[in-house]
Amino acid sequence: MNRHRLWTLARHYWFDALVLAAVGVGLAEVTLTQDDRNGPLGPLWFDLLAILAITLPLFLRRRYPFGAPVAVGVAGASASFVDGRLIPNGLITILVAIAAFVVMGIVRDRTQAVAGLAVGIGVTAVVAHNDPKGGVGNFVFTSIAFSIAWTIGFAISRKFWEADEARERAAQAEREREERARLAVADERTRIARELHDVVGHSVSVMTVQASAARRLLRPHQEKEREALLVVEQTGREALAEMRRMVGVLRRPEEAPALAPQPSLQHLDKLVDHAREAGLPVELRIEGTPEQLPTGVDLTAYRLVQEGLTNALKHARARQAEVVVRYGDGHVELAVSDDGRGAGDGGRDGDGSGHGLVGMRERVSVYGGEFEAGPRAGGGYRLRARLPIV
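Only a predicted model underlies this, so the values are computations on that prediction, with no experimental measurement involved. (Residues numbered from 1 in each chain as written. Predicted model: local features only at pLDDT ≥ 70, side-chain atom pairs only at ≥ 80, totals over all residues. Heavy atoms only, no water.)

(A) Here's a closer look at the nonpolar core. Judged by nonpolar contacts, the single largest core of 32 residues is most densely connected at Leu 265, Leu 309 and Val 332. Looking at this core, the elements that each hand over two or more residues are helix 9 (268-277), helix 10 (295-315), strand 2 (321-328), strand 3 (331-338), helix 11 (357-366) and strand 5 (381-388). If we skip the residues at most four places from it in the chain, Val 332 touches Leu 265, Leu 293, Val 297, Val 325, Arg 326, Tyr 327, Ala 385, Arg 386, Leu 387 and Ile 389. In this structure, Ile 54, Val 103, Val 123 and Val 127 belong to the second largest nonpolar core, which totals 16 residues. (Core = buried A, V, L, I, M, F, W, Y, C linked by side-chain atoms within 4.5 Å. Buried < 20%, exposed > 50% of the residue type's maximum accessible area, 1.4 Å probe, protein only. Helix = DSSP H or I, 4+ residues; strand = E, 2+ residues; numbered from the N terminus. Contact = heavy atoms within 4.5 Å.)

Okay, here's the thing in structure tokens:
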């Protein structure tokens, strides 16, 4: 754990460590070369302060990526008016200048990066002019060296920025995909609630009517039975009224309550015929002995086949499809296969009405079933679900 922490710190602060070392070495260098023939001209106290002014701004490069290297250049140019040999004579000052040009090239804004290069060349000209032993040759050579350093920083930074932008785009796309999936699940849950209201509402209505009919057939002395049936009838009517109010919130303004019965696997032949009329040859197979399914399961099974055929017809450009309904072991299994395009081509996310694969997975999970969808080994696509009958 400590080794990993040290490695993380080293990766993050290695440049700061070099700058700190440059401060110490620069101060020592100025002190030791003060009396040399080609050394700095002094005074010593000024040269020591100048070294600090030239090196310390690099510690602020993260917060001020443009201002920090500019501050290095301004400090160097200003110091050259007092001691013209301080910068040309010192190894540390030259290395700090190179580092400043690299940092300037890394600036994300290209206009600022180019402007920084121009400022740096200007500072180089000022320092060369103030150097009593300098000349045009030294200016040209150092300008070329500093420009190369800036170019290296500029080229490396473009690669880093492009990689960061690619990661950000990928992260944004993932966030948008998750948001679309969340909205699809919410929309499908609302759709399921509306459909189940129609299913349960019909059943409760039948129970209420039957209770009312049975109450009217009772004999006068059967008061207790009449009161019990009256409670059932009143409770049923109250439940229906409450369901209508609740589901009224879920319905869109343009939607009206469903008056026709909800579809089921009994309408599968008609669904397949519609697909065939639309130009998609479909083979329908029923395996096992058909069983009576709970209304919600029956509706979910129908919707799943509908989704599979819709994808095959509208999005996958399939030439043929197969629908298999298999009964057995207390479950009903449905599979819709086609020879169209596989996953990953943008054509397998439903028709935009909420009956997408995300919605189908949500429907199946409501009833504790299993759902899978993906490309087949031999080509094409397969949508499969297994739903409990009881």
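(B) View of the pairing of strand 4 (residues 370-375). Both strand 4 and strand 5 contribute to a ladder of 6 bridges, which runs antiparallel. Counterpart to Phe 371 in the pairing with strand 5 is Ala 385. Linking strand 4 to strand 5, which pair antiparallel, is a turn of 5 residues; within it Gly 379 sits at a positive phi near 105°. (Pairing = 2+ DSSP bridges.)

(C) Geometry of the sheet that holds strand 1 (residues 282-287). Within the open sheet, the 5 strands sit side by side as 1-2-3-5-4. Their pairing is mixed. The sheet is open, and its two borders are formed by strand 1 and strand 4, each paired with just one other strand. Taking the axes of each pair of neighbouring strands and ignoring which way they run, one obtains an average angle of 10° across the sheet. Where strand 2 and strand 3 come together, 8 bridges link them in antiparallel fashion. Within strand 3, the position partnered with Val 323 by the bridge is Val 336. Sitting on the sheet, helix 9 is in contact with strand 1 and strand 2, with an inclination near 160° to strand 1. Its contacts with the sheet place helix 11 against strand 4 and strand 5, and it is angled at close to 155° to strand 4. (Axes fitted to C-alpha atoms, helices over the stretch in contact; angles between N-to-C directions.)

(D) Representation of the environment of Phe 146. On the secondary structure map, Phe 146 appears in helix 7 (residues 136-217). In this structure Phe 146 comes out as buried when scored by relative accessible area, which is 7%. With 52 residues separating them along the chain, Phe 146 and Ile 94 place their C-alpha atoms 9.5 Å apart. Among all residues touching Phe 146, those that are not within four sequence positions of it are Ile 94, Ala 97, Ile 98, Phe 101 and Thr 124.

(E) Quick look at the pattern of salt bridges. Going through the model one piece at a time under the given rule, you end up with 15 salt bridges. With a closest N to O distance of 2.7 Å, Glu 287 and Arg 326 form a salt bridge. Placement of the pair is Glu 287 in strand 1 and Arg 326 in strand 2, with a sequence separation of 39 residues. Given a relative accessible area of 25%, Glu 287 falls into the partly exposed group. The class for Arg 326 is partly exposed, based on a relative accessible area of 31%. Its salt-bridge partner being Arg 326, residue Glu 333 comes within 3.3 Å of it at the nearest N-O pair. By relative accessible area, which is 15% here, Glu 333 ends up buried. Each member of the salt-bridge network shares a partner with another, and the members are Arg 285, Glu 287, Glu 322, Arg 326, Glu 333, Glu 372, Arg 382 and Arg 384. (Salt bridge = Lys/Arg side-chain N within 4 Å of Asp/Glu carboxyl O.)

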